[in-house]
Amino acid sequence: MSKNSVLPETSGGKNDVYDVVIVGCGVSGANIARRLSVYKIHVAVLEKETDVSFGTSKANSGIVHGGFHHNRKYLKARLEIQGAMMFDRLRRELDFPFRRCGIIVAAMHEDEMKAVEHLYMQGADNGVIGIEMCSRERILDLEPKLSQDVVGGLYAPAGGIVEPYRFVFALVESAKKNGVAVYTDYLLDGAEWDAATSTWTLHAADGRSLRARYVVNSAGLYADEVSRTFGAEDFHISARKGEYYLLDRLTKARPSRVVFPVPTAVSKGMLVIPTVEGTVLVGPTADATEDKTDLATTSMRLEQILDSGRKMIPSLSRNDVITSFAGLRPVLDEDFYIDASKKAPALIQVAGIQSPGLTASPAIGEYVKDLLKGIGLELTEKSDWDPFIDRHPRVRESTPYERDELIAKDPAYGNLVCRCENVSEAEIVEAVRLGHRTLDGVKYFTRAQMGRCQGGFCTYKIIKIIMRETGLTYDQITKHGNESRVLEGEL
Amino acid sequence: MKELRYDAVVIGAGAAGMAAALEIEAGGFTCALLDREDQLGGILPQCIHNGFGLHEFGKELTGPEFAELFAEKVLASKVSIHLGATVFSINAQGVADKEILCSSAANGVIRILCRAVVLAMGCRERNRGNIRIPGSRPAGVYTAGLAQRLVNIEGYIPGRNVVVIGSGDIGLIMARRMSWVGCSVKAVIEIMPYPSGLTRNIVQCLNDFDIPLHLSCQTTNIYGKDRVEGVEVTPLENGAPVPDKAFRIPCDTVLLSVGLVPENELSKEAGVELNAMTNGPLVDSTLMTNVDGVFACGNVLHVHDLVDWVAEEARQAGRHAVAWLKGERPKVQCRLKAGSNVRYANPGRLDPNRKNKVYLRSLIVKNDAVLELKLNNRILRSEKKGHIQPSEMITLSVGPADLEGADSDAVLEVSLV
């Protein structure tokens, strides 16, 4: 029982028995782990990739939604509304990039105003604070970069933008600080239930194993496979690809609020998003794909993204494009599937978490905690739970005086490694020391390689810092783990 | 926060910055030379091939040698050198003293006050996103310059089987370099019907190594999940892709050499207006930008093909900065305009009272081309230019004899016919 639990050792050895093991460390798993870190229980999170947030959570729109897109009859709508309200407190505790910039839905034709009115009524019914219907004049006043063809729309001032991977990193850092163990490169290979001890034994493909009294399946695109591994419900997660363009922070087309088109039956449409960090994201598309590792962009879709974005914001220019990328939504049903398994013991299913999953994720943590309690997990709060993590200073966010003080404390803050996003050596070192040992991991934590030169100038510097800090050799440096080696030989 | 004061500050210590700083110091003014890297020379130290210095020093040098000859002069001068110092803010518009903030590990944040600024930050390579090659995002896609750094300075081989996209000079040089370190260079893919690098590099770097150059071909996909597995190449006919003729080249590495962009983010912050054709500042006959006392030279002004011309232009900028610091201003400046088949002509204004060096780039490939100068629509003179192509910059001297009587409304138009 939980009172017998001890704080985890991070060995991942055979004898580790956890009260809860969470399979999958995307934004759902990370929120669940952090929520459970409040209690006197022994929690571990397993991630098959080499770093957390490397699946669906790394490539999405980064929106905290406005609470008007879905009807309250859906669980996802209720969790969205609850989750959206939790972000302010989380930001204070975890210091990740988040801002309530507001969301606009722009109607480009009179016919679309009917749908806008429907969204407004749905939002009002969902209790969205401050939501309003906008005339053409009002919406152009709110967002002067909109096309002159706009006829009106909707405004939800509480909607916001977030850096999704930084959100996950912060949640995981907080969870770890409060005793949660995180195992990466942990590809689940098998699981058996031992009725005598009421524990699951979980096996990784590389031979590691551990035991768990309760398991949460938050495996995103692979939640179907994980469910089958536990002999639980047989369902199928399909992938729906979303392609995006990222634009330079100096683009003239940066809106001050998130701009949505009027949604269709299948998707919320392609948006123009002013990211928290100052760049602009345009997308996503929505295409079913059979291959859950297919993150390729296509020329046809990329053209559509720009065309679609330009209808709303005509100043969008292909000259401002820094890069393109794609993410995959894990699609199950119309709604989220979050429930205790009816077939397997001591298993909570968290599946089909597509949009608005990021917004809903803090509420998913809460909901799953209650489900676990419902199937017998005892929860007693720790007296020393610490909701805060250390601030990670960023030179680009510092005033010249603050920057001078940072350099006085650690000269590495004065050594700028990434010139485009203004990232210092000290920030890269911090990322590596927090466990982000791949080029992509460093990129998501620091923004180095994410700017207009896309790593042309700084990649070799980052490789050297990772090698110096970790002792890894050149052939162990990867872009995103597995076989994504960056260097193939030495002279 | 430390505070320093100079007559002039030069930002960037590559060939342009060093040449400009030496002129300013020789003109009797105090000058600081700032660079974010830990050594002088900018990109030159990694350009270990030869072909540098024929105009500047009358002999063929490697990049490091060229940089060293300048660095020795700078080190022997009174120029105040700040290395590892990144400028992150310039306040230059409408102020008596310009304020530059830079940070370095050694000195923290330094506030530098000065009267004149010379922008010499160079350029950066365009990348995959800029040319929007679709496909997956595996490891193994590098700009040619990054690969050059990895091989020539860091001592690592980025990959074994290489496809080079774009036929810019760095890509051609790297095709040869990768062959020398034992890699197999499968092909160079160029979207235009002619190469975008210098002819001598096509001969010495591709032909001598039997590396195929696919002209009029677009890279339409990059394959591979973890590491690059291949590229898809689609031939163009009349400028349009012909998907039926697309073919695939297996490789583990893609090097991009698809053009250079002047690095003008700081310039924009300083209020400097840019020329849409060059992506560099609009400058007058003294290489001064629209911001009084802010000059630009080298690859931040427009991308050159020879470092010798960078140095030459930067010396001019240095001298003009000295004249400006002395209070000298051109009495009159007429306009320089790009005419038929000319992509751009720099600088934007000319001083009719002295000799002006003009740099221009062609939009066309042509044999027996003629350069035509028109002043206020009247043909002034023609010069035979032989073979011209966009990758080879054309230079031209325009002096008082050409511009006699030109006022500030006069327009000198250069055309290639």
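Quick word on the overall build of chain B
- A tally of helices and strands in chain B yields nine helices and 29 strands.
- What you see for chain B is a C-alpha radius of gyration of 22 Å, in line with the 22 Å of a compact globule of 417 residues.
- Over its C-alpha atoms, taken along the principal directions, chain B stretches across nearly 65 × 60 × 40 Å.
- Relative to its 417 residues, chain B shows a buried fraction of 61%.
- Once local pairs closer than 6 in sequence are excluded, the contacts in chain B between residues at least 24 apart make up 61%.
- When the accessible surface of chain B is split by element, carbon and sulfur atoms take 48% of a total near 15900 Å².

Concerning the overall build of chain A
- For chain A, the count of helices and strands is twelve helices and 23 strands.
- Its C-alpha radius of gyration of 23 Å places chain A within 12% of the 23 Å reference for a compact globule of 491 residues.
- Its C-alpha atoms give chain A principal-axis dimensions of roughly 70 × 60 × 45 Å.
- Expressed as a percentage of the 491 residues in chain A, the buried residues total 64%.
- Looking at chain A alone, contacts between residues at least 24 apart form 71% of all its contacts between residues at least 6 apart.
- With an accessible surface of roughly 18700 Å², chain A has 49% of that area assigned to carbon and sulfur atoms.
- Of the charged side chains in chain A, 61 are positive and 67 negative, and the gap between their average positions amounts to 2 Å.

Quick word on the interface of chain B and chain A
- Of the residues lining the interface, 46 residues belong to chain B; the matching set on chain A comes to 54 residues.
- Between chain B and chain A, a total of about 4300 Å² is buried, with carbon and sulfur atoms accounting for 55% of that surface.
- When the buried surface of chain B facing chain A is broken down by residue, Arg132(B), Arg137(B) and Tyr156(B) rank first, second and third, together holding 17% of it.
- There are seven salt bridges connecting chain B and chain A.
- Glu154(B) is the salt-bridge partner of Lys464(A), the closest N and O atoms lying 3.0 Å from each other.
- Joining chain B to chain A, the criterion identifies 25 residue pairs in polar contact (both at pLDDT 80 or more).
- With five residues, helix α4 (residues 144-154) of chain B is the single largest residue contributor to the side of chain B that touches chain A.
- For the side of chain B that touches chain A, the residue count by class is 17 nonpolar, 14 polar and 15 charged.
- Strand direction decides the pairing type here: strand β23 (residues 489-490) of chain A and strand β11 (residues 156-157) of chain B, joined by two bridges, are antiparallel. When the bridges of β11(B) are listed, Gly489(A) appears paired with Ile157(B).

Quick look at unusual backbone geometry
- Cis geometry marks the peptide bond from Gly283(A) to Pro284(A), where omega comes out at 5 degrees.
- Examined against the element boundaries, Pro284(A) turns out to sit in the loop between β16 (280-283) and β17 (287-289).
- Looking along the chain, the bond that leaves Ser355(A) and enters Pro356(A) is cis, with omega of 0 degrees.
- Its location among the elements puts Pro356(A) in the loop between β20 (347-351) and α8 (357-374).
- Its identity is not glycine, yet Asp185(A) carries a phi of approximately 50 degrees, on the positive side.
- Of note, Asp185(A) is situated in the loop between β9 (181-183) and β10 (188-194).
- A relative accessible area of 37% places Asp185(A) in the partly exposed class.
- A positive phi angle is found at Asn341(B), which is not glycine, with a value near 60 degrees.
- Mapped onto the fold, Asn341(B) is located in the loop between β22 (334-338) and β23 (342-346).

Describing the pairing of strand β15 (residues 271-274) of chain A
All names here are of chain A.
- Neither face of β15 is left uncovered, since the one carrying Leu271 and Ile273 and the one carrying Val272 and Pro274 both have all their residues buried.
- Two elements, β15 and β16, share four bridges in a ladder whose sense is antiparallel. From the neighbouring strand, Pro274 faces β16, where its bridge partner is Val280.
- Counting the residues between successive antiparallel strands, the hairpin from β15 to β16 contains five residues, one of them, Gly278, with a positive phi of roughly 100 degrees.

Remarks on helix α9 (residues 400-409) of chain A
- Turning to α9(A), its buried residues are Arg403(A), Asp404(A), Leu406(A) and Ile407(A). Take α9(A) and look down its axis: the buried residues cluster within an arc of 160 degrees, on one side only. Every exposed residue of α9(A) that faces more than 90 degrees away from the buried side is listed here: Tyr401(A), Glu405(A), Ala408(A) and Lys409(A).
- In this structure, the buried side of α9(A) is in contact with β21 (416-418) of chain A together with β6 (85-91), β7 (98-104) and β8 (108-119) of chain B.

Quick look at the pattern of salt bridges
- Overall, the coordinates contain 57 salt bridges over all chains when judged by the stated rule.
- Among the salt bridges present, the one from Arg36(B) reaches Glu263(B), with a minimum N-O distance of 3.3 Å. Placement of Arg36(B) in the loop between β2 (31-34) and β3 (50-52) and of Glu263(B) in the loop between β20 (260-262) and α7 (265-269) is noted, with a sequence separation of 227 residues between them.
- For Arg36(B), a relative accessible area of 24% translates into the label partly exposed.
- Owing to a relative accessible area of 6%, Glu263(B) belongs among the buried residues under this scheme.
- The residue Glu154(B) makes a salt bridge to Arg149(B) at a minimum N-O spacing of 2.9 Å.
- Via salt bridges that share partners, Asp248(A), Arg419(A), Arg452(A), Lys461(A), Arg36(B), Glu37(B), Arg124(B), Glu263(B) and Glu265(B) belong to a single interconnected network.

So, the sheet that holds strand β25 (residues 356-362) of chain B
Residue and element names in this part refer to chain B.
- Pairing in this open sheet of three strands is antiparallel, and the strands run β23-β25-β28 from one edge to the other. Edge positions in the sheet fall to β23 and β28 (394-398), since each of these pairs with one other strand and no more. Each neighbouring strand pair of the sheet contributes to a mean axis angle of 25 degrees, computed without reference to strand direction.
- Judged from the four bridges that link them, β23 and β25 form a sheet pairing that is antiparallel. Note on β25: the bridge partner recorded for Val342 is Ser362.

Regarding the sheet that holds strand β10 (residues 141-143) of chain B
Residue and element names in this part refer to chain B.
- Taken in spatial order, the five strands line up as β10-β19-β12-β13-β14 in an open sheet, and their pairing is parallel. Bordering the open sheet on either side are β10 and β14 (213-214), each of which pairs with just one other strand.
- Where β10 and strand β19 (residues 253-256) come together, three bridges link them in parallel fashion. Paired with Tyr142 across the bridge in β19 is Leu255.
- Against the sheet, helix α5 (residues 169-180) touches β12 (161-165), β13 (184-189) and β19, its axis set at about 165 degrees to β13.

Comments concerning the nonpolar core
- Ranked by internal contacts, the top residues of the largest apolar core, which has 85 residues, are Val20(A), Leu202(A), Ile338(A) and Ile364(A).
- For this core, the element with the highest residue contribution is helix α5 (residues 164-177) of chain A, accounting for eight residues.
- If near-sequence neighbours (up to four positions away) are discounted, Val20(A) is found in contact with Leu36(A), Ile41(A), His42(A), Val43(A), Ala44(A), Tyr214(A), Val216(A), Leu372(A) and Leu377(A).
- Residues Ile110(B), Ile112(B), Val310(B) and Ala311(B) belong to the second largest nonpolar core, which totals 67 residues.

Brief notes about the pairing of β19(B)
Residues and elements named next belong to chain B.
- Burial along β19 is two-sided: Thr253 and Leu255 and Val254 and Leu256, pointing in opposite directions, are all buried.
- Pairing geometry for β12 and β19, over four bridges, is parallel. Paired with Ile165 across the bridge in β19 is Leu256.

Looking at the state of the cysteines
- Tallying each qualifying case throughout the model produces zero disulfides over all chains.
- Unpaired in terms of disulfides, Cys134(A) finds its nearest cysteine sulfur in Cys101(A), a separation of 14 Å.
- The exposure class of Cys134(A) is buried, given its relative accessible area of 4%.
- Cys114(B) carries a free sulfur, and the closest cysteine sulfur to it, the one in Cys31(B), is 9.3 Å from it.

Re the confidence of the model for chain B
- The predicted model of chain B averages 96 in pLDDT, with 100% of residues at 70 or higher.
- Among the prediction metrics, the complex's ipTM stands at 0.95, with pTM recorded as 0.94.

Some points on the packing of helix α10 (residues 425-433) of chain A against helix α11 (residues 439-446) of chain A
Residue and element names in this part refer to chain A.
- Running from N to C, α10 and α11 point in directions that differ by 120 degrees, and their axes come no closer than 9 Å. Regarding the angle of α10 to α11, the classification is oblique. Considering the relative orientation of α10 and α11, their crossing is right-handed. Together, Glu427, Ile428, Glu430, Ala431 and Val432 of α10 and Val442, Phe445 and Thr446 of α11 make up the contact between the two elements.

Reading the values: the criteria
Residues numbered from 1 in each chain as written. Chains lettered and ligands numbered in written order. Predicted model: local features only at pLDDT ≥ 70, side-chain atom pairs only at ≥ 80, totals over all residues. Heavy atoms only, no water. Helix = DSSP H or I, 4+ residues; strand = E, 2+ residues; numbered from the N terminus. Rg over C-alpha atoms; globule rule 2.2 N^0.38 Å. Buried < 20%, exposed > 50% of the residue type's maximum accessible area, 1.4 Å probe, protein only. Contact = heavy atoms within 4.5 Å. Areas by Shrake-Rupley, 256 points an atom, 1.4 Å probe, with all protein chains shown as cover. Lys, Arg positive; Asp, Glu negative; His and termini not counted. Charge placed at Lys NZ, Arg CZ, Asp CG, Glu CD. Buried area = accessible area lost by both parts, 1.4 Å probe. Salt bridge = Lys/Arg side-chain N within 4 Å of Asp/Glu carboxyl O. Polar contact = N/O pair within 3.5 Å; in protein donor to acceptor, adjacent residues only side chain to side chain. Nonpolar A, V, L, I, M, F, W, Y, C, P; charged D, E, K, R; others polar. Pairing = 2+ DSSP bridges. Arc of directions from axis to C-beta. Axes fitted to C-alpha atoms, helices over the stretch in contact; angles between N-to-C directions. Core = buried A, V, L, I, M, F, W, Y, C linked by side-chain atoms within 4.5 Å. Disulfide = S-S within 2.5 Å. pLDDT = per-residue confidence, 0-100. Parallel < 35°, antiparallel > 145°, perpendicular 65-115°, else oblique. Left-handed = near helix turned anticlockwise from the far one by under 90°.

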